[in-house]
Amino acid sequence: MKVQDLGTVFIRVSNLDRALPFYSDVLGLQLRNVEQWDDGRGANYIFPNQSTLLTLIEVGESCEPLKHPIFNLYCNSILEAYEELNNKGIVLGPINKWASDWNDHIDFDIYDPDGNAINLIEWTHRK
């Protein structure tokens, strides 16, 4: 077996109807569909590569938010995005600037309505 790609990232939310506008309008993700399952509901967002999904799973009040991000979303114009989101009153963590041997990075965490942390990052390759 050889892993080919990342398939789906799953995030538990307490209320799907409350979470949908955040993921669609604030993060700008494209909603593919909302599904009714035997034991609840979920929403699937697609990425431009069409192979990776972000799936929200409605779990009700038993939702325990992710206090630390377990993935990040690559963005462009991240400093402008931070300012715009901050002006809208979205809960954000501090801006971090750091470098590796390969890239210069700027990132920050954003929090969905349940308090799930999602890292937004932009990097430029070092020459």
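Quick caveat, the model's predicted, so the values are computed rather than measured.

Chemist: Would you explain helix 2 (residues 78–87) in this entry?
Modeler: Given 3.6 residues to a turn, an α-helix orients residues that are three or four positions apart in the same direction. Listing the buried residues of helix 2 in full gives I78, Y82 and L85. Looking straight down helix 2, one finds its buried side chains confined to an arc of 75°; they lie on one side. Those residues of helix 2 that are exposed and aimed more than 90 degrees away from the buried face are E80, E83 and N87. In this structure, the buried side of helix 2 is in contact with helix 1 (16–26), strand 7 (103–111) and strand 8 (117–125).

Chemist: Is there a simple way to explain the UniProt feature "domain: VOC" (unreviewed entry) in the protein in this structure?
Modeler: The UniProt entry lists residues 5–123 under the feature "domain: VOC" (unreviewed entry), expressed in the numbering used here. Here residues 5–123 is 18% helix and 42% strand, with 21 Å between the C-alpha atoms at its ends.

Chemist: Explain the pattern of salt bridges to me, please; I cannot follow it from the model alone.
Modeler: Pairs can form between side chains of opposite charge once their charged atoms are near each other. On inspection of all chains with the given rule, the structure shows 5 salt bridges. Here K88 ties to E84 by a salt bridge, and the two come within 3.4 Å at their closest N and O atoms. Under the relative-accessibility criterion, K88 is labelled exposed at 55%. With relative accessibility at 46%, the residue E84 sits in the partly exposed group. The partner of R126 in a salt bridge is D104, and the shortest N-O contact between them spans 3.0 Å. Of this pair, R126 sits in the segment after strand 8 while D104 sits in strand 7; the two residues are 22 residues apart in sequence, bridging distant segments of the chain.

Chemist: Whenever I open this one, the sheet that holds strand 6 (residues 96–99) confuses me. Can you help?
Modeler: Two strands in a sheet stick together by hydrogen bonds in their backbones, pointing the same way (parallel) or opposite ways (antiparallel). The 4 strands lie next to each other as 5-8-7-6, forming an open sheet whose pairing is mixed. Of all strands in the sheet, those with a lone pairing partner are strand 5 (72–74) and strand 6, marking the two edges. Averaged over all adjacent pairs, the angle separating strand axes in this sheet is 30°, with direction ignored. Here 3 bridges tie strand 5 to strand 8, and the two strands are oriented parallel to one another. Residue pairing in the sheet places Y74 in a bridge with I121 of strand 8. Each of strand 6, strand 7 and strand 8 touches helix 2; the most contacted strand, strand 7, lies at about 20° to it.

Chemist: Even after reading the chapter, I still don't get the pairing of strand 3 (residues 40–46), so can you show me in this structure?
Modeler: Sheet faces and side chains relate simply in a regular strand, where the side chains alternate between the two faces. The buried fraction of strand 3 is high, at 6 of 7 residues. Pairing analysis gives 7 bridges linking strand 2 (residues 30–37) to strand 3, with the strands arranged antiparallel. The residue of strand 3 that forms the bridge with Q30 is I46. Between the antiparallel neighbours strand 2 and strand 3 lie 2 residues. Sheet topology note: the strand 3/strand 4 (residues 53–58) ladder contains 5 bridges and is antiparallel. The residue of strand 4 that forms the bridge with G42 is I57. Where strand 3 folds back on strand 4, the antiparallel hairpin that results is connected by 6 residues, among which Q50 adopts a positive phi of roughly 65°.

How each quantity is defined
- Residues numbered from 1 in each chain as written.
- Predicted model: local features only at pLDDT ≥ 70, side-chain atom pairs only at ≥ 80, totals over all residues.
- Heavy atoms only, no water.
- Buried < 20%, exposed > 50% of the residue type's maximum accessible area, 1.4 Å probe, protein only.
- Helix = DSSP H or I, 4+ residues; strand = E, 2+ residues; numbered from the N terminus.
- Arc of directions from axis to C-beta.
- Contact = heavy atoms within 4.5 Å.
- UniProt positions renumbered as here; feature names shortened; annotations may be inferred.
- Salt bridge = Lys/Arg side-chain N within 4 Å of Asp/Glu carboxyl O.
- Pairing = 2+ DSSP bridges.
- Axes fitted to C-alpha atoms, helices over the stretch in contact; angles between N-to-C directions.

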